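Commentary on secondary and tertiary structure
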Amino acid sequence: MNNPSPHPNRVGPSLPAKGRPWSEIAAQLQELKAGDPDWKRGRLPALTYFLDDATYEVQGKAYQQFISEPVGFPSSSSMLKDIFSMALPLFDAPEGAGASFTTGGTESVFQAIKTARAQARDLRKERYGRFNIVAPETAHPCLDKAAELMDIEVRRVGVDGERRGHAAAIQVAMDERTMMVYASAPCYPFGVFDRIEELGAVAQSAGVWLHIDACWGGFLSPFAKKLGRSIPSWDFSVPGVSSISADLHKFGYAPKGASLVMYRDAAVQRYERFEFSNWPRGSYVSPSFLGTKPAGAVASAWSVMQFLGEEGFMNATAKVLEATARLVAGVNAIAGLRCVEPAGECGIVVFESTDAAVDITAVADRLLGRGWVRGQMREPRGIHQGVNPAHLESMADYLGELAAATEYVRAHALTGKFNEHTY
Ligand SMILES: Cc1ncc(COP(=O)(O)O)c(C=O)c1O
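Every value quoted in this text rests on a predicted model; they were computed, and no experiment measured them. (Residues numbered from 1 in each chain as written. Predicted model: local features only at pLDDT ≥ 70, side-chain atom pairs only at ≥ 80, totals over all residues. Heavy atoms only, no water.)

**Regarding the overall build of the protein**
- Within the protein one finds 11 helices and 13 strands.
- In terms of C-alpha radius of gyration, the protein reaches 23 Å, essentially the compact-globule figure of 22 Å for 423 residues.
- The principal-axis extent of the C-alpha atoms belonging to the protein is close to 70 × 65 × 50 Å.
- Split into buried and exposed, the 423 residues of the protein put 50% on the buried side.
- Sequence separation of at least 24 residues holds for 72% of the intrachain contacts in the protein that already meet a minimum separation of 6.
- With the model as given, the accessible surface of the protein reaches about 20,400 Å², and the carbon-plus-sulfur share is 53%.
- Across the protein, the mean location of the 43 positive side-chain charges is 5 Å away from that of the 47 negative side-chain charges. (Helix = DSSP H or I, 4+ residues; strand = E, 2+ residues; numbered from the N terminus. Rg over C-alpha atoms; globule rule 2.2 N^0.38 Å. Buried < 20%, exposed > 50% of the residue type's maximum accessible area, 1.4 Å probe, protein only. Contact = heavy atoms within 4.5 Å. Areas by Shrake-Rupley, 256 points an atom, 1.4 Å probe, with all protein chains shown as cover. Lys, Arg positive; Asp, Glu negative; His and termini not counted. Charge placed at Lys NZ, Arg CZ, Asp CG, Glu CD.)

This is the structure:
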């Protein structure tokens, strides 16, 4: 009996008895990648944000240099300081504002809520007690994830005719247990900005924290504005905005694991910290949620910001805007399809069918079969698509494929099975 019976939970290979050569492993990694969506050529609607090979190379090389280091060495502290001072002015942050680097949008939102709750508890002189957060129904689910972890109630309210969160609906749901109003710039489902000036006034008069989730558009809209786009006011220039989350690993072209949470007043960051000393080892203090943090993500985000400069971000944003405009015009020119209005305000487009003979889900299925992964939208039933620079080059091909898929579905009377899980 040389072979012990396999572990009952084992579904794949066991740890190799001896190590394998890197060349073999590298080849296998490439093989594994071959089955992934072709995201550098615009085949993915979101999750990846590809600018160009030069930026991708900087991203990787910088990460490599700090791949095993934790955040906390002088090098990463210095780069973090730079990142904050480069980023904060983009959001009209006043003197005395502060920021933290996190691993992504979800952690940034978690951190803002944790900080706001600790402040609310302190100001109200209560250690326990359940609070609520009021948000438009279009807020990203990371809000609910964070709230669930912290036992906070989320009250989602309706949006207006342009699908924007607005004061009247938010106000009705607020009460004395409300600790935060939450809004998006823009929201992920429709890519529209909530009415943040209105919400700032509501939050201010109630003395409540206002968080702006700009995870998607944070590193797009400041440059779109500089390019002359009309972007509604949503950042720290709006009175009442307390914190903003903005992802570097989206339109900051940083590697995965990079986001910022920013505070109008750095003094609130004392509520962000976690401190503990009731164990034998001594005091443990961490500035935000994670313990050991990857310095590679910091080095890479810092390097990409240095590499692109304002000009690079403007060029990247111009590509997104152009690709978005072409997508909206192209979809609206296909008989039987229509973009949901207002369309393409900030790099997200949703389109639906206007022809009973065109099942939009079947169109999405057909596109998937041709290598174009697209998000399926539940309400209204449609196709959901983020736009990044990689979509510009592939836009003509894509629109051709979309027109052909629409025609094919119509001609063959195809129907699709809606798949909730395409995010
Ligand atoms: C508006 C918005 N908020 C939050 C998130 C969550 O970000 P992450 O996936 O980096 O945690 C996203 C992701 O797309 C988003 O679009």
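**Considerations on the site of the ligand**
- Near the ligand, the surroundings consist of 14 residues, among which Gly105, Thr106, Asp213, His249 and Tyr423 are the closest.
- At 2.5 Å from an oxygen atom of the ligand is found a side-chain nitrogen or oxygen belonging to Thr106.
- Note that an oxygen atom of the ligand is positioned 3.2 Å from one of the side-chain N or O atoms of Lys250.
- Protein chains bury 87% of the 390 Å² of accessible surface belonging to the ligand in isolation.
- Here the shell around the ligand is composed, by residue class, of 6 nonpolar, 5 polar and 3 charged. (Near = heavy atom within 4 Å. Polar contact = N/O pair within 3.5 Å; in protein donor to acceptor, adjacent residues only side chain to side chain. Nonpolar A, V, L, I, M, F, W, Y, C, P; charged D, E, K, R; others polar.)

**Remarks on the confidence of the model for the protein**
- Here the protein shows a mean pLDDT of 96. Residues at 70 or above account for 98%.
- Between the elements of the protein, mean pLDDT differs from a low of 93, seen in strand S9 (residues 284-286), to a high of 99, seen in strand S5 (residues 209-213). (pLDDT = per-residue confidence, 0-100.)

**Topic: unusual backbone geometry**
- Pro186 follows Ala185 through a cis peptide bond whose omega is 0°.
- In this structure, Pro186 sits in the loop between strand S4 (178-184) and helix H7 (196-206).
- The omega torsion across Glu341 and Pro342 is -5°, close enough to zero to call that bond cis.
- A positive phi angle, close to 55°, is found at Tyr253, a residue other than glycine.
- You can see Tyr253 is positioned in the loop between strand S6 (243-247) and strand S7 (259-263).
- For Ala413, which is not glycine, the phi dihedral falls at a positive 50°.
- Structurally, the position occupied by Ala413 is in the segment after helix H11 (390-411).

**Some details on the layout of surface pockets**
- Empty space within the largest pocket amounts to approximately 950 Å³.
- Taken together, 31 residues line the largest pocket, and the ones lying closest to its centre are Gln376, Met377, Arg378, Glu420 and Tyr423.
- Elements that contribute at least two residues to the lining of the largest pocket include exactly helix H10 (360-369) and strand S12 (375-377).
- Of the residues contributing to the lining of the largest pocket, the split by class is 16 nonpolar, 7 polar and 8 charged.
- In this structure, the lining of the largest pocket is formed jointly by two domains, domain 1 (55-306) and domain 2 (309-410), each of which donates at least three residues. (1 Å grid on protein atoms, 1.4 Å probe; cavity = no way out; pocket = protein on both sides within 12 Å on 5 of 7 lines; lining within 4 Å. Points joined across faces, edges and corners; volume = space filled by probe spheres on them. Domains from an automatic or database assignment.)

**Side note on the sheet that holds S7**
- The strand order across the open sheet formed by 7 strands is S1-S7-S6-S5-S4-S2-S3, and the pairing between neighbours is mixed. Only two strands of the sheet have a single neighbouring strand rather than two, namely strand S1 (98-102) and strand S3 (153-157). The mean inter-strand angle of the sheet, taken between neighbouring strand axes irrespective of direction, is 20°.
- Strand direction decides the pairing type here: S1 and S7, joined by 5 bridges, are antiparallel. Bridging across to S7, Gly98 finds its partner in Tyr263.
- Taken strand by strand, helix H5 (residues 142-149) contacts strand S2 (132-136), S3 and S4, and its axis lies near 155° from that of S3. (Pairing = 2+ DSSP bridges. Axes fitted to C-alpha atoms, helices over the stretch in contact; angles between N-to-C directions.)

**Quick word on the domain arrangement of the protein**
- Assigned domains within the protein: domain 1 (55-306) and domain 2 (309-410).
- Computed over C-alpha atoms only, the centres of domain 1 and domain 2 are separated by 29 Å.
- With 27 residues of domain 1 at the contact, the number on the domain 2 side is 25 residues.
- Of the roughly 2,200 Å² buried between domain 1 and domain 2, counting both surfaces, carbon and sulfur atoms make up 69%. (Buried area = accessible area lost by both parts, 1.4 Å probe.)

**Describing the pattern of salt bridges**
- Using the criterion set out here, one finds 23 salt bridges in the structure.
- The closest approach of N and O atoms between Arg195 and Glu162, which form a salt bridge, is 3.4 Å. Taken together, the residues span a long stretch of sequence, with Arg195 in the loop between S4 and H7 and Glu162 in the loop between S3 and helix H6 (167-173) at a distance of 33 residues.
- For Arg195, a relative accessible area of 29% gives the class partly exposed.
- Taking the relative accessible area as the measure of exposure, Glu162 reaches 35% and is therefore partly exposed.
- Of the charged contacts, one joins Arg370 and Glu401 as a salt bridge, the two residues approaching to 2.9 Å between their closest N and O atoms. Of the two residues, Arg370 sits in the loop between H10 and S12 while Glu401 sits in helix H11, which places them 31 residues apart along the sequence. (Salt bridge = Lys/Arg side-chain N within 4 Å of Asp/Glu carboxyl O.)

**Description of the sheet that holds strand S10 (residues 337-339)**
- Ordered by their spatial adjacency, 4 strands build an open sheet running S10-S11-S13-S12, and the pairing between neighbours is antiparallel. Where the open sheet ends on each side, the last strands, each with one partner, are S10 and S12. Each strand axis lies, on average, 30° off the axis of its neighbour in the sheet, ignoring direction.
- Note that S10 and strand S11 (residues 348-353) share 3 bridges and pair antiparallel. Bridge pairing links Arg338 to Glu352 in S11.
- Seen against the sheet, helix H9 (residues 295-332) touches S10, S11 and strand S13 (382-386) and runs at an angle of roughly 145° to S10.
- Taken strand by strand, H10 contacts S10, S11, S12 and S13, and its axis lies near 50° from that of S13.

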